[in-house]
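A structural walkthrough
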Amino acid sequence: MSATPNIGSKRKFSAMPEATFAWILVAPAVLFILVIIAWPLVETFRLSFTDANLGGETYVGFENYAELLDKQKFHDTIIRTFYWMGLSVALKLVLELIGATLLNAAIPGKGLFRVLVMPPWVIPVAIGCIGWLWLYNGYFGIISGVAQRIGLIDGPIEFLAHKTSAFYSAVVTDVWVGTPMVTLFLLAAMQGVSRDLYEAAWVDGASRWYRFRRITIPQIMPVIVSMALLSAIWTFNSFEIIWILTQGGPRGGTTTLIIDTYKTAIGNYKFGEGAARAVVIVILLAIFSTAYMFILNKVNKKYGSK
Amino acid sequence: MMDRYTRLQLVGIYAALAVFLTFILLPFFEMFMASLRPLEHLFRAPYQFWSDDFSFDAYRKMWVTVPLLGRYIWNSIYISFAVTGLTMVFVIPAAYAFARLDFPFKNATLGMFLSVNMFTGAVLLIPLYRVMRTMGLLNTYWAMIVPGVAFLIPTGIWLLRSYLEKIPRELEEAAFVDGASRIYTLRRVVLPLAVPGLIVVGVAVFIGAYAQQYLFAITFNQTRELQPLPAGLNEFIGYQSVNWNEMMAAALVGVLPVMVIFLFLQKYLVAGLTAGAVKE
C-alpha cells in the first residue's frame, strides 16, 4: 500500500461533504441493482415457499425444499454440478496458464497469436456452441469423420447422444468458451511482473522453469486466485452452453443445477419448485465463495497483497 | 539475451502454440467448411473432408431464406452498444467513489456489487420476467438491454476501480488546492487520465454484452424484428429441414463486423490490461 494522504477526508475545499458526494455517485448503480437483481432475488425466496405455477400460488412452507432433500435425482444433480465445475475449472486453469505462458514468450509472431486466441471470447456464446454442435455430430462432424477416415473408429460416433460422452463434450466446449478471456488476463498479469526480478534470477543462473515457478507464479498468484473464483462461479452457472448442446440430456446426463432450475421453472411452469432450486444455487455458491475468500485471504497474506 | 531461445525450445513453443490455437479455432474452421457444403452432402457416408461441389452459394441464399438477417446482425451490435453506454454511465461515478472516497457502508455496498457475480440471468428469470412486465419492457429492446446492464455493472465497477486506484492522487490534490469542485476534478482531471482504463473496461463490457444476449432475447422478447443474431439464427431451422450451411454462413458473416472492430482494438485491450497491472 502506498502512503499517500487521504485528501478527501482531511480537506474540506468543496462545499459538499465527501460522504454525500460519494453516495450521489454510487446511488444510481445501487438503485439499478436493487430493482433488477436484489428485488427479483427476494421474490425468488418468497416464491420458493409457494407452489406458484401458471394458475396462481399458495403458501406451502418448506414443502419444495423437503421434496428436494428427498429426491435422489436432485442429489445426483448437485454432485454432477460440482464435478462439472471442478473438472472444467481445473482444465481451464491449466490451459490458461500454459496459453498465457506461450503467448508471453518473446518470439516472432506473438502479436498475431494473441489476436488468434480471442475469437471464442468475443463472439456470442450461442454461436460458438453451434459450431461445436456440428463438430460433435457423428455423420458430418470433422472429429468423427476424420477418426473414421484414418480408421480410429468403425462407424459414426454421436458425441452428444450418450450420457458420458455428452457430459465430457460439454466440458470441452465450456473450457473452449472460458479459456481465452482468462488467458489474456493472466498474460496481462505476467507482463506486469517486473523484469528486474527475472534478470536478477537469470544472472544467478536460474533456469527458465525455475524462474517460472519461483517468480512468475508467485507474482501473479493473486490474479490466478481471483480469476479461479470468478471462473468457478461462471462455470457453476453456465447455462447457454449445455442448453444449446444437449438441453441437459441425454437422460439427464448433462443436467446441472442451473439447467434443472430452468427446466422446472420455464419448461414446466413450476415457478415455486424452480425458485426453490434457484435458492439452493444461491446458498451453495455463497458457501463456496465464502470458503474460497477465506483461502484467498490466506494466500494474499502469504504472497503479500498486491 | 535472457529472452533467447535455443532452436529446440523455439520448435517446442511453436508446436505447443499450434496445438493450443487449433483447439481455439477448430469450431470456426468447421463452421466455414460446413457453410461450403451442399445440403445434400450432409448424410453422405463415408465422410468426405472435401469435394468438388463445395460452393459459396449459402452466402448468397441466406439473405433470401431469412430476410431479416441483416436486421439481426445490426440488432446484436445495437444492443451491445446500448448496454455498454448505459453500463459506463453507472460504472464510472460508482467506480470513482469506491476507488477514492470514504463513505458509510462502503464495504457493504461493494460486497453487494461483487455478490451479483454469483447470479446469472437464468437463476432470476421468473421474477425478472415479472419486473420486465410490470415496467412494460417486454418485447422491446429495453427487455434485452436492462438485464444486460444490471449483470455487467459489477464487473465494470470491479475492473475500473482497480484501474483508478493506480492513478496517482497528486493531480487531484493539485486541483483541490486550486479550489476545483469535486465534480470538476472528476470530469477534468480524473477521467482524461483514466481513458486507457475506460477503453479496456468499455471493451470488456461490450464483449460481455455481445456474448450473452441469447438468454434474455429468447425469454423476454418475442418481437422478431428486435431479435439479436444468436436468437435470429434459429430461423434457419425450418419445418422440414435445417439449412445448416446457410446457418453457418450467417453465423460467420454475422460476427464479422465485431471481429473487425476487435482487430483494431486488440492492441488497446492487451496493453490496457497490462497498464492496469504494471503501475504501482
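Calculation rules
Residues numbered from 1 in each chain as written. Chains lettered and ligands numbered in written order. Predicted model: local features only at pLDDT ≥ 70, side-chain atom pairs only at ≥ 80, totals over all residues. Helix = DSSP H or I, 4+ residues; strand = E, 2+ residues; numbered from the N terminus. Rg over C-alpha atoms; globule rule 2.2 N^0.38 Å. Buried ≥ 20, exposed ≤ 12 C-beta atoms within 10 Å, placed from the backbone. Contact = placed C-beta atoms within 7 Å. Nonpolar A, V, L, I, M, F, W, Y, C, P; charged D, E, K, R; others polar. Axes fitted to C-alpha atoms, helices over the stretch in contact; angles between N-to-C directions. Parallel < 35°, antiparallel > 145°, perpendicular 65-115°, else oblique. Left-handed = near helix turned anticlockwise from the far one by under 90°. pLDDT = per-residue confidence, 0-100. Core = buried A, V, L, I, M, F, W, Y, C linked by C-beta atoms within 7 Å. Bend = angle between axes of the 7 residues up to and from the residue. Expected span 1.5 Å × (residues − 1).

What follows deals with the overall build of chain A. If you tally the helices and strands in chain A, you get 14 helices and 0 strands. Secondary structure elements of chain A, listed N to C terminal, follow the sequence α-α-α-α-α-α-α-α-α-α-α-α-α-α. For 306 residues, the compact-globule estimate of 2.2 N^0.38 gives 19 Å, and the C-alpha radius of gyration of chain A, at 24 Å, exceeds that figure by more than 25%. Along the three orthogonal principal directions, the C-alpha set of chain A runs to about 70 × 65 × 30 Å. Across the 306 residues in chain A, those meeting the buried criterion constitute 42%. Considering only contacts in chain A between residues 6 or more positions apart, those separated by 24 or more positions represent 67%.

Looking only at helices and strands, chain B features 12 helices and 0 strands. Along chain B, helices (α) and strands (β) appear in the sequence α-α-α-α-α-α-α-α-α-α-α-α when read from the amino end. Its C-alpha radius of gyration of 24 Å places chain B more than 25% over the 19 Å reference for a compact globule of 280 residues. Overall, the C-alpha framework of chain B stretches about 75 × 65 × 30 Å when taken along its three principal axes. Residues classed as buried in chain B amount to 46% of the 280 residues present. Within chain B, counting contacts between residues at least 6 apart in sequence, those at least 24 apart form 80% of the total.

Moving on to the interface of chain B and chain A. Contact residues are listed per partner, giving 83 residues for chain B and 91 residues for chain A. Examining the composition of the side of chain B that touches chain A, we find that 15 residues originate from one element, helix α1 (residues 7-36) of chain B, more than from any other. A breakdown of the residues in the side of chain B that touches chain A according to their chemical character gives 66 nonpolar, 9 polar and 8 charged.

Right, let's get into the packing of helix α2 (residues 18-47) of chain A against helix α3 (residues 69-100) of chain B. For the pair α2(A) and α3(B), interaxial distance at closest approach is 8 Å and the crossing angle is 130°. Considering their axes alone, α2(A) and α3(B) lie oblique with respect to each other. Here α2(A) and α3(B) pass one another in a crossing that is left-handed. On α3(B), the residues that touch A:Ala22, A:Leu25, A:Val26, A:Pro28, A:Ala29 and A:Phe32 of α2(A) are B:Phe90, B:Val91, B:Pro93, B:Ala94, B:Tyr96 and B:Ala97.

We now examine the confidence of the model for chain A. Residue and element names in this part refer to chain A. Averaged over every residue, the pLDDT of chain A is 86; residues scoring 70 or more account for 93%. The least confident element of chain A is helix α1 (residues 7-10), whose mean pLDDT is 46; the most confident is helix α4 (residues 72-104), at 94. Taken together, the stretch residues 1-13 has pLDDT below 50 and engages in 15 contacts with residues farther than four places along the chain or on a different chain.

Among the nonpolar cores identified, the biggest contains 162 residues, and B:Val91, B:Ala94, B:Ile153 and B:Ala251 are the most heavily contacted of them. By residue number, the principal contributor to this core is helix α9 (residues 163-192) of chain A, which donates 16 residues. Setting aside residues up to four positions removed in sequence, B:Ala94 forms contacts with A:Leu25, A:Val26, A:Ala29 and B:Ile157.

As a further point, take α1(B). Of all the bends in α1(B), the largest measures some 50° and sits at B:Leu25, one to four residues before the proline B:Pro27. Here α1(B) has its buried residues at B:Leu17, B:Phe20, B:Ile24, B:Pro27, B:Phe28, B:Glu30, B:Met31, B:Ala34 and B:Ser35.

We now examine unusual backbone geometry. Residue and element names in this part refer to chain A. One non-glycine residue with positive phi stands out, namely Arg 251, at about 50°. Within the secondary structure, Arg 251 sits in the loop between α12 (240-245) and α13 (257-267). Under the C-beta neighbour-count criterion, Arg 251 is labelled exposed, with 10 such atoms within 10 Å. The phi angle at Tyr 269 is positive, at roughly 55°, despite the residue not being glycine. Position of Tyr 269 among the secondary structure elements: in the loop between α13 and α14 (271-303).

What follows deals with the confidence of the model for chain B. Residue and element names in this part refer to chain B. Looking at chain B as a whole, its pLDDT mean stands at 86, while 94% of the residues score no less than 70. Averaged pLDDT values over the elements of chain B bottom out at 78 in helix α12 (residues 244-278) and peak at 94 in α3. Scored as a complex, the prediction yields pTM 0.88 and ipTM 0.87.

What follows is about the packing of α3(B) against helix α9 (residues 195-211) of chain B. Relative placement of two packed helices is described by the angle separating their axes and the distance separating the axes. Residues and elements named next belong to chain B. In contact at an axis separation of 8 Å, α3 and α9 are set at 135° when each is read in the N-to-C sense. Between α3 and α9, the crossing angle belongs to the class labelled oblique. The way α3 lies across α9 gives a crossing that is right-handed. Contacts between α3 and α9 involve Ser 76, Ile 79, Ser 80, Val 83, Thr 84, Thr 87, Met 88 and Val 91 on the former and, on the latter, Val 201, Gly 202, Val 205, Phe 206, Ala 209 and Tyr 210. A per-class count over the contact of α3 with α9 returns 9 nonpolar, 5 polar and no charged.

Every α-helical turn comprises 3.6 residues, leaving residues that sit three or four positions apart pointing alike. Residues and elements named next belong to chain A. In this model, helix α11 (residues 208-236) (29 residues) spans only 35 Å end to end at C-alpha, well below the 42 Å of a helix rising 1.5 Å per residue. When the local axis directions of α11 are compared, the greatest deviation, roughly 55°, occurs at Met 221, which is followed within four positions by the proline Pro 222. Within the span of α11, buried status applies to Thr 216, Ile 220, Met 227, Ser 231, Ala 232, Ile 233, Trp 234, Thr 235 and Phe 236.

Right, let's get into the environment of A:Arg208. Residues and elements named next belong to chain A. By the secondary structure assignment, Arg 208 is in helix α11. The exposure class of Arg 208 is partly exposed, given the 15 C-beta atoms found within 10 Å. Arg 208 sits 93 residues away from Lys 301 along the chain, and the two C-alpha atoms are 26 Å apart.

What follows concerns the environment of B:Ala251. With respect to the element layout, B:Ala251 can be found in helix α12. Residues B:Ala251 and B:Pro230 lie 21 residues apart in sequence; the distance between their C-alpha atoms is 8.0 Å. Sequence-distant contacts of B:Ala251, that is, excluding residues within four places in its chain, are made with A:Ile127, A:Ile130, B:Met31 and B:Leu233.

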